[in-house]
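Close look at the chain arrangement
What follows is the residue order along each chain.
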Number of protein chains: 2
Amino acid sequence: MVTLSDVAKQANVSKMTVSRVINHPEQVTPELRCLVEEAMTALNYHPNSAAKALANNRTNVIKVVILEDIDTTEPYYMSLIFGIAKGLDKQGYALQLVTDRAHLTGGNRADGFIVTGERAKDIPLIEQLTQPFVIFGENRYGFDYIDSDNKAGTALATNYALAKNYQSIVFIGLDVKESFEYSREAGYINTLQQHQKIPQIYRLANHSHVSQAFITDNWHKFAPDTCFICASDRIAVGVERGILENGGNVPRDFGIIGFDGVFLDQVANPQLTTVKQPVQQLGELLARMLLQKLAQSGAQQGEVLVTPELVTRGSTRD
Amino acid sequence: MVTLSDVAKQANVSKMTVSRVINHPEQVTPELRCLVEEAMTALNYHPNSAAKALANNRTNVIKVVILEDIDTTEPYYMSLIFGIAKGLDKQGYALQLVTDRAHLTGGNRADGFIVTGERAKDIPLIEQLTQPFVIFGENRYGFDYIDSDNKAGTALATNYALAKNYQSIVFIGLDVKESFEYSREAGYINTLQQHQKIPQIYRLANHSHVSQAFITDNWHKFAPDTCFICASDRIAVGVERGILENGGNVPRDFGIIGFDGVFLDQVANPQLTTVKQPVQQLGELLARMLLQKLAQSGAQQGEVLVTPELVTRGSTRD
DNA sequence: TTGTAAGCGTTATCAT
DNA sequence: ATGATAACGCTTACAA
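Keep in mind that this is a model prediction, so the values were computed, not measured. (Residues numbered from 1 in each chain as written. Chains lettered and ligands numbered in written order. Predicted model: local features only at pLDDT ≥ 70, side-chain atom pairs only at ≥ 80, totals over all residues. Heavy atoms only, no water.)

1. Brief notes about the sheet that holds strand S12 (residues 309–311) of chain B
All names here are of chain B. The six strands are arranged S7-S6-S8-S9-S10-S12 in an open sheet whose pairing can be described as mixed. Sheet topology places strand S7 (201–204) and S12 at the edges, where each strand pairs with a single neighbour. With direction set aside, neighbouring strand axes in the sheet form an average angle of 20°. Where strand S6 (residues 168–174) meets strand S8 (residues 226–230), five bridges bridge the pair, whose relative direction is parallel. (Pairing = 2+ DSSP bridges. Helix = DSSP H or I, 4+ residues; strand = E, 2+ residues; numbered from the N terminus. Axes fitted to C-alpha atoms, helices over the stretch in contact; angles between N-to-C directions.)

2. Observations concerning the protein's contact with DNA strand C
Taken together, 26 residues form the shell around DNA strand C, and within it Leu4(A), Ser19(A), Tyr45(A), Thr17(B) and Arg20(B) come nearest. Atoms of DNA strand C within 4 Å of the protein belong to the sugar or the phosphate in 62% of instances, the rest to bases. One of the side-chain N or O atoms of Ser14(B) is found 3.1 Å from a phosphate oxygen in DNA strand C. Between a base nitrogen of DNA strand C and a side-chain N or O atom of Arg20(B), the distance comes to 2.6 Å. Elements represented by at least two residues in the surface near DNA strand C include exactly helix H2 (15–23) and helix H4 (49–56) of chain A together with helix H2 (15–23) and helix H4 (49–56) of chain B. Residue composition of the surface near DNA strand C, grouped by class: 13 nonpolar, 10 polar and three charged. (Near = heavy atom within 4 Å. Polar contact = N/O pair within 3.5 Å; in protein donor to acceptor, adjacent residues only side chain to side chain. Nonpolar A, V, L, I, M, F, W, Y, C, P; charged D, E, K, R; others polar.)

3. Side note on the interface of chain B and chain A
On the side of chain A, 47 residues touch chain B, which itself brings 46 residues to the contact. Of the roughly 4000 Å² buried between chain B and chain A, counting both surfaces, carbon and sulfur atoms make up 61%. At the junction of chain B and chain A, the tally comes to zero salt bridges. The interface formed by chain B and chain A holds nine residue pairs in polar contact (both at pLDDT 80 or more) in total. Looking at the side of chain B that touches chain A, the elements that each hand over two or more residues are H4, strand S1 (61–66), helix H5 (75–90), strand S2 (94–98), helix H11 (233–245) and helix H12 (264–267) of chain B. No other element matches the eight residues that H5(B) contributes to the side of chain B that touches chain A. Its residues placed into classes, the side of chain B that touches chain A shows 24 nonpolar, 16 polar and six charged. (Contact = heavy atoms within 4.5 Å. Buried area = accessible area lost by both parts, 1.4 Å probe. Salt bridge = Lys/Arg side-chain N within 4 Å of Asp/Glu carboxyl O.)

4. A look at the sheet that holds strand S9 (residues 254–260) of chain A
Residues and elements named next belong to chain A. Strand order in the open sheet formed by six strands is S7-S6-S8-S9-S10-S12, and the pairing between neighbours is mixed. Edge positions in the open sheet fall to strand S7 (201–204) and strand S12 (309–311), since each of these has one partner strand only. Taking each pair of neighbouring strands and ignoring which way they run, the sheet shows an average axis angle of 20°. Bridge count for strand S8 (residues 226–230) against S9 is four bridges, and the pairing is parallel. The partner of Cys 227 across the bridge, within S9, is Gly 255. Its contacts with the sheet place helix H8 (residues 150–163) against strand S6 (168–174), S8, S9, strand S10 (273–276) and S12, and it is angled at close to 165° to S9.

Given below as structure tokens:
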């Protein structure tokens with residue numbers, strides 16, 4: 001194993017100079033810096049992260065906390081974790097997954113936290129955290145966060161439906177009292193109002209069989225030339241099935257636009273037009289934001305909203 | 001931060017005794033051990049993993065290497081990673097995701113590797129690894145591995161189809177030259193032969209639209225009373241769609257059995273009878289096997305096959 | 001069985 | 001601007 005001392009010898013300087021070249025390059029003269037850098041590459045030096053961690057009282061580990069009870073096959077979360085892992089890896093950090101609330105404070109140490117799926121009751125728990133954290137998902141508590149721009153997403157979808165000349169545009173949302181749901185509804189409502197149309201909103205549990213049953217039960221209410229803006233792809237898949245089951249023509253008489261764009265949209269038949277969240281990228285951004293926060297000793301990072309993209313496919317008119 | 005010394009003081013012993021209670025409890029007298037343990041809980045002591053790592057020349061980090069180019073939304077892999085992360089977390093290890101071959105040897109250090117998705121060309125690369133590793137997935141190179149028992153899985157499926165009295169039983173496999181595919185075909189073939197039936201195997205690319213098109217193109221070949229044993233849920237979803245598209249009755253005249261049981265099976269309509277791999281559990285087993293291998297300084301661990309489970313649902317007769 | 005001392009690789013502090 | 005020294009928390013090797 002090549003250590004600081006090895007590099008120091010090779011470059012004829014002290015360990016400290018090498019350390020400084022790595023951590024505070026501005027404090028060392030260009031010539032020495034150059035020498036040291038050459039020595040480092042010559043020896044293929046890689047810092048020992050455990051030693052660094054010990055000296056700095058850090059761990060190089062970030063805990064990813066999922067407070068929601070998730071179906072662990074849910075592709076959405078998996079993509080997110082994948083993105084986080086990639087983002088952390090790039091900067092030499094490793095990830096520890098926490099699904100057990102008890103592991104949050106107890107257990108191994110970490111340099112910071114990425115938290116998602118929190119409900120109101122979790123807020124005190126989160127506020128107890130003594131180390132920097134960032135949140136995935138809109139929140140009203142002033143926590144730093146990253147999310148898709150939900151409002152812009154449904155606005156995109158609604159505008160598209162209008163452009164495709166669907167007469168009636170209905171929103172099928174989720175029956176949860178979450179910030180993201182309100183934002184998605186707002187994007188829809190605002191867009192419709194700009195076009196002097198009356199919003200029509202239903203809220204369902206986030207399951208395809210629920211939305212499928214809903215369509216069948218209310219089939220008489222939906223005349224041809226209707227586009228359904230859905231708050232999730234799960235909902236959209238069920239809506240699509242319900243329409244087909246009742247003999248409706250997709251996309252000519254009925255359009256469907258989903259939300260999420262992770263996996264399910266491609267499995268549907270016809271494939272879904274959907275508001276695609278760049279989930280993996282969001283994960284990488286979370287990692288980057290947290291590491292930056294660490295570098296700035298916990299400074300506020302604010303909120304970052306990433307505009308999602310409308311992917312057009314067979315569930316809406318050409 | 002509570003350290004060894006703190007615990008030592010509290011228990012009126014030296015640091016070493018505390019260290020021994022943690023790492024070699026048998027070397028310390030029961031009374032002292034008890035005293036120390038009380039002190040540890042009283043102070044809520046947690047070992048500093050960086051210091052441990054430094055002293056032991058370890059990192060407490062395991063690299064998870066995915067050599068295959070995967071669709072990062074693929075729930076199968078995501079579940080696996082989730083399982084690995086949980087398994088590692090339990091023993092205080094963190095995970096680093098490697099998708100870039102260059103990061104395999106270079107970059108940060110790790111104590112061991114969990115490798116998956118390797119092709120023939122990757123074998124030399126893997127053999128160069130200087131640290132313990134385990135593989136996910138059957139392989140013919142003598143590497144320690146964990147996998148589902150693919151052969152047992154398709155045998156389960158085929159026996160079930162026979163029990164449900166489908167006259168004709170067809171296997172739709174994948175057109176890949178991989179160990180797991182051969183095993184799945186073998187389970188099907190063996191079972192049919194035990195019942196004096198002639199195997200009938202097709203091999204397709206692993207996409208639902210490919211298998212859907214295949215069914216339509218060959219619809220005349222498949223008389224009612226046929227059950228399709230599929231090598232993946234993706235294939236099965238397409239087969240199901242193809243059958244429905246051609247007016248076939250599922251499950252009365254045509255049965256479909258998938259393989260994997262991760263997410264897709266539940267999204268299908270009707271939901272798929274499928275051979276469910278305990279993917280997350282496989283991940284945890286991988287973590288456990290690797291950590292045990294580390295504890296045994298790299299000793300061979302052999303292979304572990306986990307028998308999958310047949311989940312019966314609407315795509316086969318009641 | 002228990003304790004003492006040295007060292008793992010790095011960085012902060014203080015001196016030059 | 002650069003270097004010497006101690007310290008981070010733990011474990012191995014050796015001494016008692």
